[in-house]
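What the coordinates show
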Amino acid sequence: MPERIAVIGMGYVGLVNAAHFAAEGHEVTGVEINPQRLAGLQNGEIGFYEPGLAEVVAAAQRAGRLTFTGDAAEGVRESRMVFLAVGTPKAANGRVDLSQIERAARDVGGAIAPGTIVVIRSTVPTQTAARVQSIIRDLRGEQFPVAVVSHPEFLQQGSALWGMAHPDRIVVGGDDPMALDRIAGLYHGTQCAVIKTNHQTASMIKYLSNAFLAAKVSFANEMAKLCDALGVDFLEAMRGVGLDRRIGTDFFAPGPGFGGSCFPKDVAGLVAMGDETGVDLVLMKSVLRTNHRQPRYVYRKIRSQVGPVRGKVITLLGLSFKANTDDVRESPALDVARILLSEGAVVRAYDPVAEDRSRTVLPAVRYSSDVYGAATGADAVVVCTEWEEFRTLDLDRLSKVMAVPVLIDARNIINPVDALHHAFRYSGIGRGSDWHGTLDDGPAEDRQSGRGAEIERLEESAARGRTGDGP
Ligand code: UDX
């Protein structure tokens, strides 16, 4: 049955939710208090890059099922479900800043009809639902009928609409069983498990999920370093590890570190909750520390290949924190750029969609509109983001335009055999560094004599990968 839904906050989470529910046939009002952003949305500009979203928003607007307003009271008055999807940024000492949630609760609390379900979609600490409830009751009286439901989202940028339609699980928390059923009912077309629980547990499911995924990535990054030092291919080793069903293979890709709007903030939020309650989250602190070091590890790889970077031209491919988004928040690519700039390198960069956002925070980088322009005359090219187009680079052309063919593949997306065949000095993360020298040694000497043996070793390893009969 179509519902009337209001979504407060037309940022990333809010707009994806609004678009999805409108596409499912519900009548959705998106509330956005930033006048510029609101005007953009009303003119069909979604304001960020998310594959497929602009088209779905436009279709829903045309069908009259998605409208935008700056007036929360107007937006929620007719709605029976109100989703709070405002930001919960990191405040001082890692704490979660709940001011936007509190403001949204006040804005909607004064206007909602009795019986409305207020859904907390933002990532919030365990006590937030009680706070929202008390803000509304302060405005409308203790007896005012309102149900608050904690309903965390698990969307990944770059594939968020798909994630809305194919969730692994639906989590709804609260103490009104009928309200939980109604929110879970919005996903009746999906086959996934529904977890009905209390507010605190629902909130914790989100934090624990992100903390565990972040820990997997930091595990991969730390062990990849060890494998580099021991001359072991971490990716090959992990094929053997991941076949253990208790472990699996996802989220073990080593790289320049995790970034984005969730992992760094949510792990820091969890650490702050631990500190506040007297629980020292040693493991989570290490997850952050490992992650913090990773861009410098990429820098050390660059340095080991090109020597002191002062005056050298280093080209970064990819600036967003991962592929298929223009989001550069906490992007490790930008940290690599900052380190290089502080060491006196000339930093060039190309990203298919994140250039504008990167420019505003890092104007000192020289931006190019294509890979080969960015790489012309470069002393090293560093793949920082796993964009699809970087997987199929024309290595012949790339090596010809560069001053020195050095390829640092911080996402392990280029076949090392192909790179070596095109006369590159190649270095991935965790691919074993025996061919490239130890990392702190300064520039690798020219080891042409070792090249044949290295190609053979990599070809053997690639063949084992293909046939699946590796050790
Ligand atoms: C994450 C969670 O996956 C999602 O459930 C939650 O709702 C929000 O936070 P997102 O930030 O979009 O989503 O990105 P994700 O795909 O999870 O990647 C997070 C970071 O980890 C990226 O910087 C990514 O490059 C990095 N990563 C991920 C790795 O370095 N290696 C991996 O194997 C996986």
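Residues numbered from 1 in each chain as written. Predicted model: local features only at pLDDT ≥ 70, side-chain atom pairs only at ≥ 80, totals over all residues. Heavy atoms only, no water.

1. Considerations on the overall build of the protein
The secondary structure content of the protein amounts to 19 helices and 14 strands. Whereas a compact globule of 471 residues would reach a radius of gyration of roughly 23 Å, the protein reaches 25 Å, a difference of no more than 12%. For the protein, the C-alpha atoms occupy an extent of roughly 80 × 45 × 40 Å along the three principal directions. At a minimum sequence separation of 6, the contacts of the protein that also span at least 24 residues come to 72%. As displayed, the protein offers around 20,700 Å² of accessible surface, 52% of which is attributable to carbon and sulfur atoms. Averaged over its 51 positive side-chain charges, the protein has a centre that lies 2 Å from the centre of its 57 negative ones. (Helix = DSSP H or I, 4+ residues; strand = E, 2+ residues; numbered from the N terminus. Rg over C-alpha atoms; globule rule 2.2 N^0.38 Å. Contact = heavy atoms within 4.5 Å. Areas by Shrake-Rupley, 256 points an atom, 1.4 Å probe, with all protein chains shown as cover. Lys, Arg positive; Asp, Glu negative; His and termini not counted. Charge placed at Lys NZ, Arg CZ, Asp CG, Glu CD.)

2. Brief notes about the site of the ligand
Not every one of the 19 residues close to the ligand is listed here, only the nearest: Gln156, Gln157, Ala253, Lys322 and Arg411. For the ligand, an oxygen atom lies 2.9 Å from a polar atom in the backbone of phenylalanine 154. Take arginine 411: an N or O atom from its side chain is 2.9 Å from an oxygen atom of the ligand. Protein contacts shield 93% of the accessible area of the ligand, which totals 670 Å² for the unbound molecule. If one sorts the elements of the shell around the ligand by residue count, helix H9 (residues 199–230) sits on top with three residues. Class assignment for the residues of the shell around the ligand results in ten nonpolar, five polar and four charged. (Near = heavy atom within 4 Å. Polar contact = N/O pair within 3.5 Å; in protein donor to acceptor, adjacent residues only side chain to side chain. Nonpolar A, V, L, I, M, F, W, Y, C, P; charged D, E, K, R; others polar.)

3. Considering the confidence of the model for the protein
Of all residues in the protein, 92% attain a pLDDT of 70 or more, and the chain-wide mean is 93. In this model, residues 434–451 is a region of pLDDT below 50 whose contacts with residues beyond four sequence positions or in other chains number 33 contacts. (pLDDT = per-residue confidence, 0-100.)

4. Side note on the sheet that holds strand S12 (residues 380–383)
Strand order in the open sheet formed by six strands is S11-S10-S9-S12-S13-S14, and the pairing between neighbours is parallel. In this open sheet, the two edge strands, each paired with only one partner strand, are strand S11 (366–367) and strand S14 (425–428). Bridge analysis of S12 against strand S13 (residues 406–409) gives three bridges, and the strand direction is parallel. Within S13, the residue paired with valine 381 across the bridge is leucine 407. (Pairing = 2+ DSSP bridges.)

5. Some points on the pattern of salt bridges
Scanning all chains against the criterion turns up 20 salt bridges. With a shortest N-O distance of 3.0 Å, arginine 182 and glutamate 3 are connected by a salt bridge. Of this pair, arginine 182 sits in helix H8 (residues 177–185) while glutamate 3 sits in the segment before strand S1 (4–8), placing them 179 residues apart in sequence. Classification of arginine 182 by relative accessible area gives partly exposed; the value is 34%. The residue glutamate 388 makes a salt bridge to arginine 391 at a minimum N-O spacing of 3.3 Å. Within this pair, glutamate 388 and its partner arginine 391 are both found in helix H16 (residues 388–391), separated by three residues, close to a single helical turn. One network of salt bridges, with partners in common, ties together Asp275, Asp280 and Lys285. (Salt bridge = Lys/Arg side-chain N within 4 Å of Asp/Glu carboxyl O. Buried < 20%, exposed > 50% of the residue type's maximum accessible area, 1.4 Å probe, protein only.)

6. Brief notes about unusual backbone geometry
For asparagine 324, which is not glycine, the phi torsion reads 65 degrees and is therefore positive. With respect to the helices and strands, the residue asparagine 324 is situated in the loop between strand S9 (313–317) and helix H13 (332–342). Phi at alanine 423 is positive, roughly 70 degrees, even though this residue is not glycine. Mapped onto the fold, alanine 423 is located in the loop between helix H18 (416–421) and S14. Classification of alanine 423 by relative accessible area gives partly exposed; the value is 43%.

7. Things to note about the packing of helix H5 (residues 99–109) against helix H6 (residues 128–140)
For any two helices packed against each other, the geometry comes down to the angle between their axes and how far apart the axes lie. For the pair H5 and H6, interaxial distance at closest approach is 9 Å and the crossing angle is 35 degrees. Crossing of H5 against H6: the hand is right-handed. Across the interface between the two elements, Ile101, Glu102, Ala105, Arg106 and Gly109 from H5 touch Thr128, Arg131, Val132, Ile135, Ile136, Leu139 and Arg140 from H6. Taken together, the residues of the contact of H5 with H6 break down into six nonpolar, two polar and four charged. (Axes fitted to C-alpha atoms, helices over the stretch in contact; angles between N-to-C directions. Left-handed = near helix turned anticlockwise from the far one by under 90°.)

8. Topic: the pairing of strand S4 (residues 81–84)
On a regular strand, each side chain points to the face opposite its neighbour's, so the side chains alternate between the two faces of the sheet. Of the two faces of S4, both are covered, the one formed by Met81 and Phe83 as well as the one formed by Val82 and Leu84. One crossover worth recording links S4 to the parallel strand S5 (residues 117–120) by way of H5, and it is right-handed. (Right-handed = clockwise from strand over helix to strand, strands pointing away.)

9. Notes on the environment of glutamine 100
Note that glutamine 100 resides in helix H5. In this structure, the C-alpha to C-alpha distance between glutamine 100 and threonine 88, residues twelve residues apart in sequence, is 6.9 Å. Not counting chain neighbours up to four residues away, the residues in contact with glutamine 100 comprise Val86, Gly87 and Pro89. Only 3.2 Å separates the side chain of glutamine 100 from the backbone nitrogen of glycine 87, close enough to count as a polar contact.

10. Comments concerning the environment of valine 148
With respect to the helices, strands and loops of the structure, valine 148 is situated in strand S6 (residues 147–150). The spacing of valine 148 and glutamine 127 is 21 residues in sequence and 12 Å in space, taken between C-alpha atoms. Apart from residues no more than four positions distant in its own chain, valine 148 is found in contact with Val118, Ile120, Ala129, Val132, Gln133, Gly173, Gly174 and His199.

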